[in-house]
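Residues per chain, in single letters:
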Number of protein chains: 2
Amino acid sequence: MRTPLTLALLQCAPAPLDVAGNLQRLDQAAQQAAAAGAQVLVCPEMFISGYAIGAAAVQQLAQPADGAWAQAVAAIAQRHHIAVVYGYPEQDASGAVFNAAQWISAQGQRCLSYRKTYLFGDLDSNQFAAGAPSAATFMLQGWTIGLLICYDVEFPEATRRLALAGADLIVVPTANMPAYDFVAQALVPVRAYENQMYVAYANYMGAEGDVHYGGLSLLAAPDGQAVAQADRQPTLLIATLDDARLSTARAANRHVRDAAALPPHTL
Amino acid sequence: MRTPLTLALLQCAPAPLDVAGNLQRLDQAAQQAAAAGAQVLVCPEMFISGYAIGAAAVQQLAQPADGAWAQAVAAIAQRHHIAVVYGYPEQDASGAVFNAAQWISAQGQRCLSYRKTYLFGDLDSNQFAAGAPSAATFMLQGWTIGLLICYDVEFPEATRRLALAGADLIVVPTANMPAYDFVAQALVPVRAYENQMYVAYANYMGAEGDVHYGGLSLLAAPDGQAVAQADRQPTLLIATLDDARLSTARAANRHVRDAAALPPHTL
C-alpha cells in the first residue's frame, strides 16, 4: 500500500564552495519542508559543494558516501524528521571522484547512493569519473524509489532501467541551464509518461560563476502532467505523490509491461 | 550531403475495407503532394485496408510485401514522381500477418519494409503477429531513414535502435486516438530531441467504426520543435527537413553519441 508521499523540491541559487553555508541552508530548508508537511526534501545537483567548481576543488572537497557530510545531513534529517536527498562529490577508496547523490532517511540512515552515469560534456568529464549504470532502488511508504542525476534522465535507457526494476518514483537532483529548458518542459514529463512513474526534478536557478541555471523544477506524474512546477524564482516546491493517480496511469498505459515482454532489451 | 527533403503527411479519415477507394485516394494525394513540391507522401497506419477492421478481414486481405498493392503503389509513385510510405497488412510465407509499412521510391522500388514490433493492446494483438525488432534503414538524398509504426515510437528502445544505426529521420504511420494526444503533443518531439533526428508522424482523424482518431500529425525537428503540425482536420501537411537544422541540433546535443559510448546498451 503506497501512502501519499509529499516532496519538497529546493530550487535555489548555488553557493559554490560554501559547504558550511550550504549545510545551514539545508537545515533551514528541511525545517521549512517539514513544516509544510513534506516527508522528503530534494536538493539540486552537487548541493553541498556547488557544481561548476572545477576539478581541483572537487578533488579537495570530495568525501566518501559515509563521510562527515553524510553525518551532518543525517543530523539535519533527524532533527526535522524528514528524509533528505542531496548531491555531493563522492570519493571512493581508489581516489576516483563521482558526481553523486544520496538519500538519507528521516531516521538518519543512508538508504540509497547513486553516481552520475552519463557525464555532461566537459563540465562533468573534467571533474568526475562516470558511475556504472545502476538500477538500485529502495522502498519508502510503499513506493519503490530510484535516483538519477541531471543529464542521466535525458537518457531513456536510464529511466527504463529503473522502471524495469520496479521504480514508482525517480528523484533527480539537477543543474540545468536555460538552453536546455526543453528538458524540464517536455522531456521529464515524457519520461514519467512512458514509464508510468513519477519523476521529481530539482534544479538550481541563478548563476554559479559563468554558468546560469533555469529553474523550472517539477514533479511529473505518470500521466505526463506536472503535479507542480516552479518558474525561475527561488522556491520550495511542495508536491504529493498519489497511489490512485499512479494506478490510473498504469491501467491506461502499459509501456513498461510491454517493454518487459520483449526480450532482449538491447538497444 | 543531405539535400532538403520535403514530406507530405496525409492526415485523413480512414476508409476501412475500401481498398480500391484508398488506392484512388492515394493517387490523388500523391498528385497533390508532388504538386506541392514534396518528394515523399506518408500515409497513416494500415492505410490501404483500414486499421480496426478485425482479424478475419485482415487475414482475408493481407498480401506479401511485393504483392499487388506494392505494384499498385509503385505505379502511383512513378506516375507522380514521388516516394510513398503506406501501411497495410502483410502476410508472410508461413501465413502470419503483420501490421506493416513500406517505403516505395519515386522510381517504384521497394526501399524499406517494416513490421510493427510493439503491439498496441487487443486491437493489434487480435489482428497481428509482432515483428522482430529492426534497425533497418536506407538512404535518400543523403538522409538515413527508418520506419516505425504508431505505438512503436512510444518506446524509446525502438527510436534509439534506429538512432544508433545512424537514422536522421524516422517515418511513423500511425492511428492514434485523442486519449493519447500526449504522444503527438509531447512524446514525438522528445523522441526527435533525445535522438537528434527528425520524426514524421502521420495520423488519421475522424472515425473508424467505434474507434476515433485525433490527427495532430507532425514533423518534429531534432531540436524538439515541430516544423509543422496539423490540427484535427483533414490535411496534407507539407514540411521540409533541413541539413543545417540537423547539424545545429547535433552540435548542441550529443545524447546519441553519449549513449553509443556506454556499452552495453542493455536495459
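Above this text sits the structure in question.
Report follows, based on the coordinates.

What follows is about the interface of chain B and chain A. On the side of chain A, 34 residues touch chain B, which itself brings 34 residues to the contact. When the two sides are added together, the surface that chain B and chain A hide from each other amounts to roughly 2,900 Å², 64% of it contributed by carbon and sulfur. Of the charged contacts in the structure, one is a salt bridge between Arg160 of chain B and Glu157 of chain A, with a shortest N-O distance of 2.6 Å. Where chain B touches chain A, the interface holds eight residue pairs in polar contact (both at pLDDT 80 or more). In terms of residue count, helix 6 (residues 181-195) of chain B provides more of the side of chain B that touches chain A than any other element does, nine residues in total. When grouped by side-chain class, the residues that make up the side of chain B that touches chain A number 19 nonpolar, seven polar and eight charged.

We now examine the sheet that holds strand 4 (residues 97-104) of chain B. Residues and elements named next belong to chain B. Ordered by their spatial adjacency, six strands build an open sheet running 5-4-3-2-1-14, and the pairing between neighbours is mixed. The sheet is open, and its two borders are formed by strand 5 (110-115) and strand 14 (235-241), each paired with just one other strand. Taken pair by pair, the neighbouring strands of this sheet meet at an average axis angle of 25°, ignoring direction. One ladder, built from three bridges, connects strand 2 (residues 40-42) with strand 3 (residues 83-91); its direction is parallel. The partner of Val40 across the bridge, within strand 3, is Ala83. The strands touched by helix 1 (residues 19-35) within the sheet are strand 1 (5-11), strand 2, strand 3 and strand 14, with strand 2 carrying the most contacts at an inclination of about 140°.

Sheets are built from strands paired through backbone hydrogen bonds, the pairs being either parallel or antiparallel. Residues and elements named next belong to chain B. Read across the open sheet, the six strands follow the order 6-7-8-9-12-13; overall the sheet is mixed. Each of the sheet's edge strands pairs with one partner strand only, and the pair in question is strand 6 (138-140) and strand 13 (226-229). Strand-to-strand, the axes of this sheet are offset by a mean angle of 20°, without reference to chain direction. Where strand 7 (residues 143-147) lies against strand 8 (residues 169-173), three bridges are found, and the strand directions are parallel. For Gly146, the partnering residue across the bridge sits in strand 8 and is Ile170.

All names here are of chain A. Across its 13 residues, helix 3 (residues 68-80) extends 19 Å between first and last C-alpha, which sits within 8% of the 18 Å expected from 1.5 Å per residue. Restricting attention to buried positions, one finds in helix 3 the residues Trp69, Ala70, Val73, Ala74, Ile76, Ala77 and His80. Around the axis of helix 3, the buried residues are gathered within 160° of arc, so they sit on the same side. In the core, the buried residues of helix 3 are packed alongside helix 1 (19-35), helix 2 (55-61), strand 3 (83-91), strand 4 (97-104) and strand 5 (110-115).

For the rest of this paragraph, the subject is the packing of aromatic side chains. Scanning the model with the defined rule gives 20 aromatic pairs over all chains in all. Note on Trp69 of chain A and Tyr88 of chain A: the rings are 6.3 Å apart at their centroids and 90° apart in plane angle, and the pair reads as edge-to-face. Here the residue Trp69 of chain A occupies a position in helix 3, and Tyr88 of chain A occupies one in strand 3, the gap between them amounting to 19 residues. Assigned by exposure class, Trp69 of chain A and Tyr88 of chain A land together as buried. An aromatic cluster is present here, built from Tyr118, Phe120, Tyr151, Phe155 and Tyr180 of chain A joined pairwise through their rings. Geometry around Trp143 of chain B places Arg2 of chain B over its ring, the cationic atom sitting 5.8 Å from the centre.

Residue and element names in this part refer to chain B. Enumeration according to the criterion identifies six cavities of 30 Å³ or more in this entry. Taken as a whole, the second largest cavity encloses approximately 50 Å³ of empty space. Tyr51, Phe120, Leu123, Cys150, Tyr151, Glu154, Ala175, Asn176 and Met177 together form the lining of the second largest cavity.

Another point: helix 3 (residues 68-80) of chain B. In this structure, the buried residues of helix 3 of chain B make contact with helix 1, helix 2 (55-61), strand 3, strand 4 and strand 5 of chain B. Looking one or two residues past helix 3 of chain B, His81 of chain B carries a phi angle of roughly 55°, positive in sign.

Residues and elements named next belong to chain A. Across the five residues of strand 9 (residues 198-202), five count as buried, placing the element largely inside the fold. Side-chain alternation along strand 9 places Tyr198, Ala200 and Ala202 on one buried face and Val199 and Tyr201 on a second face that is also buried. Pairing analysis gives five bridges linking strand 8 (residues 169-173) to strand 9, with the strands arranged parallel. Within strand 9, the residue paired with Leu169 across the bridge is Tyr198. Regarding topology, helix 6 (residues 181-195) serves as the crossover connection from strand 8 to the parallel strand 9, and that connection is right-handed. Pairing of strand 9 with strand 12 (residues 218-220) involves three bridges; the strand directions are antiparallel. From the neighbouring strand, Val199 faces strand 12, where its bridge partner is Ala220.

Quick notes on the rules
- Residues numbered from 1 in each chain as written.
- Chains lettered and ligands numbered in written order.
- Predicted model: local features only at pLDDT ≥ 70, side-chain atom pairs only at ≥ 80, totals over all residues.
- Heavy atoms only, no water.
- Contact = heavy atoms within 4.5 Å.
- Buried area = accessible area lost by both parts, 1.4 Å probe.
- Salt bridge = Lys/Arg side-chain N within 4 Å of Asp/Glu carboxyl O.
- Polar contact = N/O pair within 3.5 Å; in protein donor to acceptor, adjacent residues only side chain to side chain.
- Helix = DSSP H or I, 4+ residues; strand = E, 2+ residues; numbered from the N terminus.
- Nonpolar A, V, L, I, M, F, W, Y, C, P; charged D, E, K, R; others polar.
- Pairing = 2+ DSSP bridges.
- Axes fitted to C-alpha atoms, helices over the stretch in contact; angles between N-to-C directions.
- Expected span 1.5 Å × (residues − 1).
- Buried < 20%, exposed > 50% of the residue type's maximum accessible area, 1.4 Å probe, protein only.
- Arc of directions from axis to C-beta.
- Phe/Tyr/Trp six-rings, centres within 6.5 Å; stacked < 30°, edge-to-face > 60°.
- Lys NZ or Arg CZ within 6 Å of the ring centre and 35° of its normal.
- 1 Å grid on protein atoms, 1.4 Å probe; cavity = no way out; pocket = protein on both sides within 12 Å on 5 of 7 lines; lining within 4 Å.
- Points joined across faces, edges and corners; volume = space filled by probe spheres on them.
- Right-handed = clockwise from strand over helix to strand, strands pointing away.

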